[in-house]
Amino acid sequence: DHGDCNVPQGWKGNIQLGRWVSSQRSEYHVLKKGRPSRMTEERLRKLEGIGFQWSLRSGTGTPHADWDQRFNELKQYKVDHGDCNVPQGWKGNIQLGRWVSSQRSEYHVLKKGRPSRMTEERLRKLEGIGFQWSLRSGTGTPHADWDQRFNELKQYKVDHGDCNV
């Protein structure tokens, strides 16, 4: 139906697939920076073989909004919703949902002792408003089987015509 692999992260048809597609892009960029990655050459070839796009950015504008602006938006979200758990595909502010996800990722990078955009000041600010660093219950694995998600992505492309989240 869609002709590409641009699965939205919050796609109601399969939320896990949207997250998996986003993860594939992240792993690709890690690989391209020469860092250890779960993206193998075989996986890269398979994804490229179905027309997967590694980046959806047009190259215009900055990739990340001003941190303080997003933090203020998050504080307002908490006033309105009672928590800081902005869904990634939240229609009210898609950029805020992505930013919140990015803060969690940067926190985990920092905790592994790797270079991160998460500073101690930012960490304190986020914790000061009750930010949760993980939403996982601890049951189950963080990533579904790669081949299963790849097959779901192929089916998504058949149904929607794209693979682009």
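This text follows the structure it describes.
Notes on the structure in this doc start here. Note that the coordinates shown come from a computational prediction; the quantities given were computed from them, not determined experimentally.

### A closer look at the pattern of salt bridges
- The final tally for this structure, using the stated rule, is six salt bridges.
- Where Glu73 meets Arg70, a salt bridge forms, and the shortest distance between an N and an O atom there is 2.8 Å. Residue Glu73 and its partner Arg70 are located together in helix 3 (residues 67–81), separated by three residues, close to a single helical turn.
- Owing to a relative accessible area of 21%, Glu73 belongs among the partly exposed residues under this scheme.
- When the shortest N-O distance is used, the salt bridge between Glu106 and Arg117 registers 3.0 Å. Separated by eleven residues along the polypeptide, Glu106 in helix 4 (residues 94–111) and Arg117 in the loop between helix 4 and helix 5 (120–128) bring together distant segments of the chain.
- Of the residues examined, Glu106 reaches a relative accessible area of 14% and is grouped as buried.
- Linked through salt bridges whose partners overlap, the residues forming this network are Asp68, Glu121 and Lys125.

Parameters at a glance
Residues numbered from 1 in each chain as written. Predicted model: local features only at pLDDT ≥ 70, side-chain atom pairs only at ≥ 80, totals over all residues. Heavy atoms only, no water. Salt bridge = Lys/Arg side-chain N within 4 Å of Asp/Glu carboxyl O. Helix = DSSP H or I, 4+ residues; strand = E, 2+ residues; numbered from the N terminus. Buried < 20%, exposed > 50% of the residue type's maximum accessible area, 1.4 Å probe, protein only.

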